[in-house]
Amino acid sequence: MNAHDSEKVVGTLLAEGYTQVDEPELAELVLYNTCSIRDKAEQKVFHRLQQFKREAGKGKVFGVLGCVAQQEGERIFERAPHVSLVAGSASYTRLPEMLVQLEAGNRRVTGLGLDTEEAFDTPYTRRDNPHRAYITIIEGCDKSCAYCVVPFTRGPERSRTSESVMREARSLAELGYTEIQLLGQNVNSYRDPSAQGWDFATLLAKTAEISGIRRVRFTTSHPRDFVKPIIDAIDGNPVLCNHVHLPVQSGSRAVLKRMQRLYTRDEYMRRIEWMKNARRDIAITTDIIVGFPGETEADFDETVRLCEQIEYESMFIFKYSRRPNTPALEYGDHIPEEEKTRRFLILQERQRAIQIRRNSTYVGRIEEVHVEGFNLATEQWIGRTTQHKTLNFSDPAFPAPSQNGTLVGQYTNVLVTRSGPNSLAGERVKAQ
Ligand code: 5AD
Ligand code: SF4
């Protein structure tokens, strides 16, 4: 979502007559898009701001965008006095106006409102990837997970009309994009605000019918709103990628309750069952937080057991990080940092073994990949399977990009010959 926000900002700037430079040192205006989901991400911004200012900042104008901007607001001007613009993502519709103020020499320009009704729907998005495009369908979050700063930094949930989403998806197909990724903090809570009233499963099925679109992905789903029709849609159309990222956060019933996740372990497991029983082989991935306040050794064991039972295709593991304005901050029993690290490492190791095992089952299979790039160091093409696995491959008939063209952007079949914990490798299979 963050990367896509940057694409929107770049598009807006270009439309305002700005040009983009290749090296940050050459820029006159430097904007930092920021994330405040965990403390480390936030610290990084201030560190980079200081460093860049010292090394190359003379005469430049600086802005801080995104969730750290929203969270810290005008305090950023005090902490980093060379910053002239502070704007959260809900205010980007006002960006052209803010740029005018900057150009007029205003040195404290802010966009911190959260009350915008519109989902950010700019015609000016400048996409980085010519084949795969993100489309925001819903912004903000109405849940209130006890650890999470997002409802505070991104404001309440608002869905875009299905007509607007479909218009963007069709125009992307016309521009030659073949893969789209629908985005939202809780993408599956989508509810069409227009009279048409589509739910998420319907929107998903409809985008997959657009001529020219070969793959549709979506992220991130909340288990509470993850209903069976979503799986039926995936089963019904292979254009919908068979990958679902469904963050569980914890395998302990008690921790889930204290996290205010709004589902029980059993309810989560039911959704996993639906996926395991689907006709298609759906890859399931997740997010886990270890060391949430009050998480006992027994709670943590339940998380490990859940992961071993489900055998996720991959996962992101995070150590709980205290965030401002969140209920968990006030909870007792915060877990010491070393203990969080210990749990993190245990889970990471268990998951690594699971991934080695799972990935080895792909050896001998032929998988279709969307080619994303070429790795000069290994001289292999980089592809992604529909399940979002990285599959690196070679092709003796087309060993590297050349004047004759490139495989990047194409779809091709690859025979998987090797596997590791994080990726697969293989040989291109020529079309029969
Ligand atoms: N500490 C650690 N991890 C967090 N996440 C969100 N907030 C926190 C926090 N305070 C993780 C969740 C979420 C992912 C995007 O980031 O696992 O799914
Ligand atoms: Fe944060 Fe929970 Fe909303 Fe996800 S659902 S953005 S974790 S509050």
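As a starting point, this report considers the structure included with it. (Residues numbered from 1 in each chain as written. Chains lettered and ligands numbered in written order. Predicted model: local features only at pLDDT ≥ 70, side-chain atom pairs only at ≥ 80, totals over all residues. Heavy atoms only, no water.)

Let's talk about the overall build of the protein chain
Here comes step 1: A count of helical and extended segments in the protein chain gives 13 helices and 17 strands.
Here comes step 2: The C-alpha radius of gyration computed for the protein chain amounts to 23 Å, which stays within 12% of the reference 22 Å derived for 432 residues, consistent with globular compactness.
Here comes step 3: For the protein chain, the spread of C-alpha atoms along the principal axes amounts to about 60 × 60 × 50 Å.
Here comes step 4: Within the protein chain, counting contacts between residues at least 6 apart in sequence, those at least 24 apart form 71% of the total.
Here comes step 5: Approximately 19900 Å² of the protein chain is accessible, and the part contributed by carbon and sulfur atoms is 49%.
Here comes step 6: Once the 57 positive and 58 negative side-chain charges of the protein chain are each reduced to a mean point, those two points are 3 Å apart. (Helix = DSSP H or I, 4+ residues; strand = E, 2+ residues; numbered from the N terminus. Rg over C-alpha atoms; globule rule 2.2 N^0.38 Å. Contact = heavy atoms within 4.5 Å. Areas by Shrake-Rupley, 256 points an atom, 1.4 Å probe, with all protein chains shown as cover. Lys, Arg positive; Asp, Glu negative; His and termini not counted. Charge placed at Lys NZ, Arg CZ, Asp CG, Glu CD.)

Notes on the pairing of strand E17 (residues 424-429)
Here comes step 1: The sheet contact formed by strand E15 (residues 390-394) and E17 spans four bridges and is parallel. Within E17, the residue paired with Phe-393 across the bridge is Gly-426.
Here comes step 2: Relative to E17, strand E16 (residues 411-419) is paired through six bridges, and the arrangement is antiparallel. Bridge pairing in E17 places Arg-418 opposite Ala-425.
Here comes step 3: Where E16 folds back on E17, the antiparallel hairpin that results is connected by four residues. (Pairing = 2+ DSSP bridges.)

Some remarks on the site of ligand 1
Here comes step 1: Neighbouring residues of ligand 1: Ile-37, Arg-38, Tyr-147, Gln-249, Asp-287, Ile-289, Phe-318, Lys-319, Tyr-320, Ser-321 and Arg-323.
Here comes step 2: Interatomic distance of 2.7 Å between a side-chain N/O atom of Gln-249 and an oxygen atom of ligand 1.
Here comes step 3: One of the side-chain nitrogen or oxygen atoms of Asp-287 is found 2.6 Å away from an oxygen atom of ligand 1.
Here comes step 4: For ligand 1, whose accessible area on its own is 400 Å², the fraction buried by protein is 87%.
Here comes step 5: Where the shell around ligand 1 is concerned, the elements lending two or more residues are strand E11 (283-290) and strand E12 (314-319). (Near = heavy atom within 4 Å. Polar contact = N/O pair within 3.5 Å; in protein donor to acceptor, adjacent residues only side chain to side chain.)

With respect to the packing of helix H1 (residues 2-15) against helix H5 (residues 95-103)
Here comes step 1: For the pair H1 and H5, interaxial distance at closest approach is 10 Å and the crossing angle is 60°. As summarised for this structure, H1 and H5 are arranged oblique, according to the angle between their axes. Of the two possible hands of crossing, H1 and H5 adopt the one that is right-handed. The segment H1 lies against H5, with Val-9, Thr-12 and Leu-13 engaging Leu-95, Pro-96 and Leu-99.
Here comes step 2: Across the contact of H1 with H5, the residue classes break down as five nonpolar, one polar and no charged. (Axes fitted to C-alpha atoms, helices over the stretch in contact; angles between N-to-C directions. Parallel < 35°, antiparallel > 145°, perpendicular 65-115°, else oblique. Left-handed = near helix turned anticlockwise from the far one by under 90°. Nonpolar A, V, L, I, M, F, W, Y, C, P; charged D, E, K, R; others polar.)

Focus on the sheet that holds strand E10 (residues 243-245)
Here comes step 1: Strands sit in the order E10-E11-E12 across an open sheet of three strands; the sheet is parallel. Every interior strand has two partners, whereas the edge strands, E10 and E12, have only one. The sheet shows a mean angle of 15° between the axes of neighbouring strands, direction not considered.
Here comes step 2: Pairing of E11 with E12 involves six bridges; the strand directions are parallel. Its bridge partner being in E12, Thr-286 is matched across the sheet by Met-315.

Considering the environment of Val-369
Here comes step 1: With respect to the helices, strands and loops of the structure, Val-369 is situated in strand E13 (residues 366-375).
Here comes step 2: Taking relative accessible area as the criterion, Val-369 reaches 0% and is therefore assigned buried.
Here comes step 3: Once the C-alpha coordinates of Val-369 and Val-30 are considered, the two residues, 339 residues apart in sequence, prove to be 36 Å apart.
Here comes step 4: Sequence-distant contacts of Val-369, that is, excluding residues within four places in its chain, are made with Arg-215, Gly-383, Arg-384, Thr-385, Leu-391, Phe-393, Gln-410, Tyr-411, Thr-412 and Val-414. (Buried < 20%, exposed > 50% of the residue type's maximum accessible area, 1.4 Å probe, protein only.)

Some thoughts on the pattern of salt bridges
Here comes step 1: Scanning the model with the defined rule gives 36 salt bridges in all.
Here comes step 2: The closest approach of N and O atoms between Arg-215 and Glu-368, which form a salt bridge, is 3.7 Å. Placement of the pair is Arg-215 in strand E9 (residues 215-219) and Glu-368 in strand E13, with a sequence separation of 153 residues.
Here comes step 3: A salt bridge links Arg-358 to Glu-311; its shortest N-O distance comes to 3.9 Å. Remark: Glu-311 occurs in the loop between helix H12 (297-310) and E12 and Arg-358 occurs in helix H13 (residues 337-360); sequence separation between them is 47 residues. (Salt bridge = Lys/Arg side-chain N within 4 Å of Asp/Glu carboxyl O.)

Observations regarding the sheet that holds E15
Here comes step 1: Ordered by their spatial adjacency, five strands build a closed barrel running E13-E14-E15-E17-E16, and the pairing between neighbours is mixed. Each strand axis lies, on average, 55° off the axis of its neighbour in the sheet, ignoring direction.
Here comes step 2: Direction of pairing for strand E14 (residues 380-385) relative to E15: antiparallel, over a ladder of four bridges. Residue pairing for E15: Gly-383 is matched across the bridge by Leu-391.

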